[in-house]
Amino acid sequence: MDLVQLQRQLVEYRTSLYHEGFLDAQFTQLQELQDENNPDFVVEVVSLFFEDSERLLNELTTALEQQSVDFKRVDAHVHQLKGSSSSIGAQRVQKVCIAFRNYCEEKNVEGCLKCLQQVKHEYSLVKTKLESMFQLEQQILSAGGSIPM
C-alpha cells in the first residue's frame with residue numbers, strides 16, 4: 001500500500017472513531033497538544049490511560065466481588081475512570097461510567113455488575129481501536145510520511 005493510501009486510510013479510520021462515538025472533541029484537543037518537540041505525546045497519554053484503566057477495572061472487579069460492597073469505594077474508582085476516559089476523549093467509556101455511578105448511588109449491585117461488564121467491553125473496544133490507529137500512524141511514519149490531521 002502506498003503512502004497516500006495509508007494516509008487516506010488513517011483519516012477515514014479516525015473519522016469513523018468519531019462517528020461511532022468512540023472518541024470526542026477532547027481527543028482532537030489532545031492531538032493538538034502534540035508537536036515536533038513531543039511527537040509521542042498522544043501515545044504516551046493514551047498509554048497512561050490504558051494502565052490506569054486496567055488497574056481501576058481490576059479494583060472494581062475485586063470491590064464488587066466482596067460480600068459487603070463498599071459503594072463509596074466503587075464510586076470513587078468509577079469516578080476516576082470517568083475522569084481519565086473523559087480526559088482522552090473516550091466517550092463511550094465515559095457514558096457507561098455515568099450510568100455506573102448512578103447504580104452506585106442507588107447501591108444496586110446488579111446494576112453495578114452489569115455496568116462493570118459494559119465498561120470493560122467499551123474499554124476493550126476503544127483500546128483495540130486506538131492501538132490500530134497508532135499502528136497505522138507508525139506505518140506512515142516508517143514509510144517517511146507525515147500524519148495527516
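Per chain, residues are indexed from 1 in the order of the written sequence. Per-residue local features are limited, in this predicted model, to residues with pLDDT of at least 70; the limit for side-chain atom pairs, both in listing and counting, is 80 or more; totals at the level of whole chains, interfaces and linings are taken over all residues. The side-chain quantities take in all heavy atoms of the structure and omit both hydrogens and water.

Observations concerning the pattern of salt bridges
In step 1: Each salt bridge in this description consists of a side-chain nitrogen of Lys or Arg and a carboxyl oxygen of Asp or Glu lying within 4 Å of one another. Taken as a whole and judged by the stated rule, the model has 7 salt bridges.
In step 2: A salt bridge links Asp52 to Arg55; the nearest nitrogen and oxygen atoms lie 2.5 Å apart. Placement of the pair is Asp52 and Arg55 together in helix α3 (residues 41–65), with a separation of 3 residues, close to one helical turn.
In step 3: Here the salt bridges do not stand alone but share partners, grouping Asp52, Arg55 and Glu59 into one network. Strands are runs of DSSP state E lasting at least two residues, helices are runs of H or I lasting at least four, and both sets are numbered from the N terminus onward.

What to know about the nonpolar core
In step 1: Core analysis: the biggest nonpolar cluster contains 39 residues, and Phe27, Val46, Val74, Val93, Phe100, Val119 and Leu130 have the highest contact counts within it.
In step 2: Elements represented by at least two residues in this core include exactly α1 (3–19), α2 (25–32), α3, α4 (71–88), α5 (91–105) and α6 (109–142).
In step 3: Looking at this core, the element that brings in the most residues is α6, giving 11 residues.
In step 4: Residue contacts follow a heavy-atom distance rule, with two residues in contact if any of their heavy atoms lie within 4.5 Å. Apart from residues no more than four positions distant in its own chain, Val93 is found in contact with Leu81, Ser85, Val119, Glu122, Tyr123 and Val126. Residues grouped as a nonpolar core are buried Ala, Val, Leu, Ile, Met, Phe, Trp, Tyr and Cys residues, joined through side-chain atoms within 4.5 Å. Only protein chains enter the accessibility calculation, which uses a 1.4 Å probe; a residue whose area is less than 20% of its type maximum is buried, one above 50% is exposed, and one in between is partly exposed.

A look at the side chain of Ser85
In step 1: Mapped onto the secondary structure, Ser85 falls in helix α4.
In step 2: A polar atom in the side chain of Ser85 sits 3.0 Å from the backbone oxygen of Lys82.
In step 3: Ignoring anything within four residues of it in the chain, the contact list for Ser85 reads Phe49, Ala90, Val93 and Gln94. For this analysis, a polar contact is any N or O atom pair within 3.5 Å, provided that within protein one partner can donate a hydrogen and the other can accept it, and provided that sequence-adjacent residues contribute only side-chain to side-chain pairs.

Quick look at the UniProt feature "domain: HPt" (unreviewed entry) in the chain
In step 1: UniProt positions are given in the numbering used here, feature names are shortened, and annotations may be inferred rather than shown by experiment. As annotated by UniProt and renumbered to match this structure, "domain: HPt" (unreviewed entry) occupies residues 38–143.
In step 2: Split by type, residues 38–143 is 87% helix and 0% strand. Its first and last C-alpha atoms lie 20 Å apart.

Thoughts on the packing of aromatic side chains
In step 1: Pairs were defined over the aromatic rings of Phe, Tyr and Trp, the Trp ring being its six-membered one, requiring ring centres within 6.5 Å. Orientation was assigned from the angle between planes: stacked under 30 degrees, edge-to-face over 60, tilted for the rest. Inspection of every chain in the model, using the stated rule, returns 3 aromatic pairs.
In step 2: Taking 6.0 Å as the distance between ring centres and 65° as the angle between the ring planes, the aromatic pair formed by Phe49 and Tyr123 counts as edge-to-face. Here the residue Phe49 occupies a position in helix α3, and Tyr123 occupies one in helix α6, the gap between them amounting to 74 residues. Of the two residues, Phe49 and Tyr123, neither departs from the other in class, the shared state being buried.
In step 3: Seen in terms of ring centroids, Phe50 and Tyr123 are 6.2 Å apart; in terms of plane orientation they differ by 80°. Their pairing is edge-to-face.

Remarks on unusual backbone geometry
In step 1: Of note, Lys107 is a non-glycine position whose phi angle comes to about 55°, a positive value.
In step 2: Of note, Lys107 is situated in the loop between α5 and α6.

Examining α6
In step 1: What a helix is expected to span follows from its residue count: subtract one and scale by 1.5 Å. Compared with an ideal rise of 1.5 Å per residue, which puts 34 residues at 50 Å, α6 spans 48 Å between its outermost C-alpha atoms and is within 8% of the ideal.
In step 2: Capping the start of α6 is the job of one residue whose side-chain oxygen sits 3.1 Å from the backbone nitrogen of Glu110: Asn108.

Quick look at the UniProt feature "modified residue: Phosphohistidine" (unreviewed entry) in the chain
In step 1: Feature annotation in UniProt assigns "modified residue: Phosphohistidine" (unreviewed entry) to the following positions: His79.
In step 2: Mapped onto the elements, His79 comes out in helix α4.
In step 3: Residue His79 is classed as partly exposed on the basis of its relative accessible area, which comes to 43%.

Overview of α5
In step 1: Helix length check: α5, at 15 residues, gives a terminal C-alpha distance of 22 Å against a target of 21 Å (1.5 Å per residue), a fit within 8%.
In step 2: Among the residues of α5, those classed as buried are Val93, Gln94, Val96, Cys97, Phe100 and Cys104. Summarising the axial view, the buried residues of α5 lie within an arc of 160°, below the 170-degree limit, and thus occupy one face. Among the exposed residues of α5, those pointing more than 90 degrees away from its buried face are Lys95 and Glu105.
In step 3: In the core, the buried residues of α5 are packed alongside α3, α4 and α6.
In step 4: At the C-terminal side of α5, Lys107 shows a positive phi close to 55°. Directions from the helix axis toward the C-beta atoms define the arc.

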